[in-house]
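Examination of the molecular architecture
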Amino acid sequence: MTKAKYPLFPEKIADQVGDLHTKFNYLDTPPTKERLGISDEVVGELSVEVNAVDSAYARTIDTDHRTKLDTIALHEAIGSAHELFRKYLEFYVARNKAATEGDFEALHVPMPGKSDPLPVPHHPPGLRHLTSSNMEVVAAFFNADTNADGKPEGAYGMETYYKLGGEEPTEIGELTERAMATASPLRLQFEFEDQMKVLYLAFRWVGTRGDYGSWTGIFKINVTR
């Protein structure tokens, strides 16, 4: 499977945290802000996301006290930060005539015309299984287009939106929580008081360039011990 030589975001957690700081510091440099037209409001939004990641990361590196929920919170914070950075890197760099080759290289944004873009993962993910035990729901996913394990070309990871309990949703917009996995399986951890609650989930691919694939239908499963 072909991989981007320089993906927009790295795969390892510690590298992702450092990369967010590198990108933020680059975009917050006054000459860069002025040249690319980045407002203080945008910098403020990015700063909030980076600070949230730092706070969540600090809890996970405290090995004596961290919990599975701390790990989940970190993945959610990184996913939220990546989503906002993708949005602004697309607007202020990829589509900006004022952006230089140095900007593209420093921020690991693919340059138009430099190489053939990886295909957009339009089709929804396939699930090998969706199981629940020990208050954890596990979704093992695969490339349903080829039936091969792992992600399709151009996919950064699999995203889920989900809702625990309540009325059964009829559309994706009713799913209120979000999580991301860059490698199979995707794991969601819950508390003991959530036992036997119904979890509703839908899945889609997220591309390496910030694009999205099609949603699956809405699945449901009971959270069990």
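Presented here is an overview of the structure given in this document. (Residues numbered from 1 in each chain as written. Predicted model: local features only at pLDDT ≥ 70, side-chain atom pairs only at ≥ 80, totals over all residues. Heavy atoms only, no water.)

1. Notes on the overall build of the protein
We count it as follows: Only DSSP runs of H or I with at least four residues qualify as helices, and only runs of E with at least two residues qualify as strands; both kinds are numbered from the N terminus onward. What the globule rule says is 2.2 Å times the number of residues to the power 0.38, and the radius of gyration is computed from C-alpha atoms.
Helix and strand content of the protein: five helices and eight strands. Starting at the N terminus and ending at the C terminus, the protein contains elements arranged as α-α-α-α-α-β-β-β-β-β-β-β-β. For 225 residues, the compact-globule formula gives about 17 Å, and the C-alpha radius of gyration of the protein, at 19 Å, lands near that figure. Expressed as lengths along the three principal axes of its C-alpha atoms, the size of the protein is roughly 55 × 40 × 30 Å.

2. So, the nonpolar core
Here is a general trend for soluble globular proteins: nonpolar side chains tend to be buried in one another's company. The criterion, for reference: For our purposes a nonpolar core is just a set of buried Ala, Val, Leu, Ile, Met, Phe, Trp, Tyr and Cys residues, chained together by side-chain atoms within 4.5 Å. We call a residue buried when its accessible area falls under 20% of the maximum for its residue type, exposed when it is over 50%, and partly exposed in between, using a 1.4 Å probe and counting protein chains only. The contact criterion used throughout is that any non-hydrogen atoms of two residues lie within 4.5 Å.
Leu-46, Val-53, Phe-85, Leu-89 and Val-93 are the most contacted members of the largest nonpolar core, which totals 31 residues. Elements supplying a minimum of two residues to this core: α1 (13-27), α3 (40-60), α4 (68-94) and α5 (101-107). With 10 residues, α4 is the single largest residue contributor to this core. With residues near it in sequence (within four places) discarded, Val-53 still touches Val-17, Leu-20, Leu-74, Ala-77, Ile-78 and Ala-81. One finds Met-158, Leu-201, Phe-203 and Val-223 within the second-largest nonpolar core, a separate group that totals 18 residues.

3. Quick look at the pattern of salt bridges
Note the threshold: Any Lys or Arg side-chain nitrogen located within 4 Å of an Asp or Glu carboxyl oxygen qualifies as a salt bridge.
Scanning the entire structure with this criterion turns up 12 salt bridges. One salt bridge in this structure joins Arg-178 and Glu-83, with 3.5 Å as the shortest N-O distance. One end of the pair, Arg-178, is in strand β5 (residues 177-181); the other, Glu-83, is in helix α4, and 95 residues separate them in sequence. For Glu-83, a relative accessible area of 30% puts it in the partly exposed group. Glu-90 is the salt-bridge partner of Arg-95, the closest N and O atoms lying 2.7 Å from each other. Overall, the relative accessible area of 63% leaves Arg-95 in the exposed class. Owing to a relative accessible area of 30%, Glu-90 belongs among the partly exposed residues under this scheme. Salt bridges sharing partners connect three or more residues here, namely Glu-83, Glu-159, Arg-178 and Arg-204.

4. Notes on the packing of α3 against α4
The following threshold applies: Between N-to-C directions, angles cover 0 to 180 degrees, with each direction set by a line fitted to C-alpha atoms, over the stretch in contact for helices. An angle counts as roughly parallel when it lies under 35 degrees, as roughly antiparallel when it exceeds 145, as roughly perpendicular when it falls between 65 and 115, and as oblique in every other case. Helix crossings are classified by the rotation of the near helix relative to the far one: an anticlockwise turn of less than a right angle makes the crossing left-handed, while a clockwise turn makes it right-handed. Following the grouping adopted for this structure description, the nonpolar residues are Ala, Val, Leu, Ile, Met, Phe, Trp, Tyr, Cys and Pro, the charged ones are Asp, Glu, Lys and Arg, and the polar ones are all others, Gly among them.
Closest axis-to-axis distance for the α3/α4 pair is 9 Å, and the angle between their directions is 155°. Classified by the angle their axes make, α3 and α4 are roughly antiparallel. Seen from above, α3 lies across α4 with left-handed handedness. Note on element contacts: α4 touches α3 through Asp-70, Thr-71, Ala-73, Leu-74, Ala-77, Ile-78, Ser-80, Ala-81, Leu-84, Phe-85, Tyr-88 and Tyr-92, opposite Val-42, Glu-45, Leu-46, Glu-49, Val-50, Ala-52, Val-53, Ala-56, Tyr-57, Arg-59 and Thr-60. Of the residues assigned to the contact of α3 with α4, the class counts are 16 nonpolar, three polar and four charged.

5. Considerations on the packing of α1 against α4
Where α1 meets α4, the closest approach of the two axes is 11 Å, and the angle between their N-to-C directions is 35°. Where α1 crosses over α4, the handedness of that crossing is left-handed. Of the residues in α4, those in contact with Ile-13, Gln-16, Val-17, Leu-20, Lys-23, Phe-24 and Leu-27 of α1 are Leu-74, His-75, Ile-78, Ala-81, His-82, Phe-85 and Leu-89.

6. With respect to the sheet that holds β5
Here is the rule we go by: Each pair of strands is called paired provided DSSP finds at least two bridges between the two strands.
Read across the sheet, four strands follow the order β5-β4-β7-β8 without closing on themselves; strand pairing throughout is antiparallel. Among the strands making up the open sheet, the edge pair consists of β5 and β8 (219-222). Here the average twist between neighbouring strands, direction ignored, is 30°. Where strand β4 (residues 155-164) meets strand β7 (residues 198-207), nine bridges bridge the pair, whose relative direction is antiparallel. By the bridge assignment, Thr-160 is partnered in β7 with Phe-203.

7. Re the packing of aromatic side chains
Just so we agree on the cut-off: For this analysis, a ring pair means two rings from Phe, Tyr or Trp (six-membered ring only for Trp) whose centres lie within 6.5 Å, classed as stacked if their planes differ by under 30 degrees, edge-to-face if by over 60, and tilted for the remaining angles. In this scheme, the term charge over a ring applies when either NZ of a lysine or CZ of an arginine sits within 6 Å of the ring centre and within 35 degrees of the ring normal.
This model, assessed by the stated rule, comprises seven aromatic pairs. Looking at Arg-86, its charged tip hangs above the ring of Tyr-156, at a distance of 5.1 Å from the centre. Here the basic side chain of Arg-204 rests over the ring of Tyr-212, its NZ or CZ set 4.0 Å away from the ring centre.

8. Quick notes on α1
In plain terms, the rule: Each residue after the first adds 1.5 Å to the expected span of a helix.
Taking 1.5 Å per residue, 15 residues should reach 21 Å; α1 reaches 21 Å between its end C-alpha atoms and fits that length. Residues of α1 that are buried make contact with α2 (30-36), α3, α4, α5 and β4.

9. Considerations on the environment of Tyr-200
The topology assignment puts Tyr-200 in strand β7. Here Tyr-200 falls in the buried class, since its relative accessible area comes to 6%. Residues Tyr-200 and Glu-167, spaced 33 residues apart in sequence, show a C-alpha to C-alpha distance of 9.8 Å. Dropping the residues within four chain positions of it, Tyr-200 is found in contact with Tyr-161, Tyr-162, Lys-163, Gly-165, Gly-166, Glu-167, Glu-168, Pro-169, Leu-175, Ile-218, Phe-219 and Lys-220.

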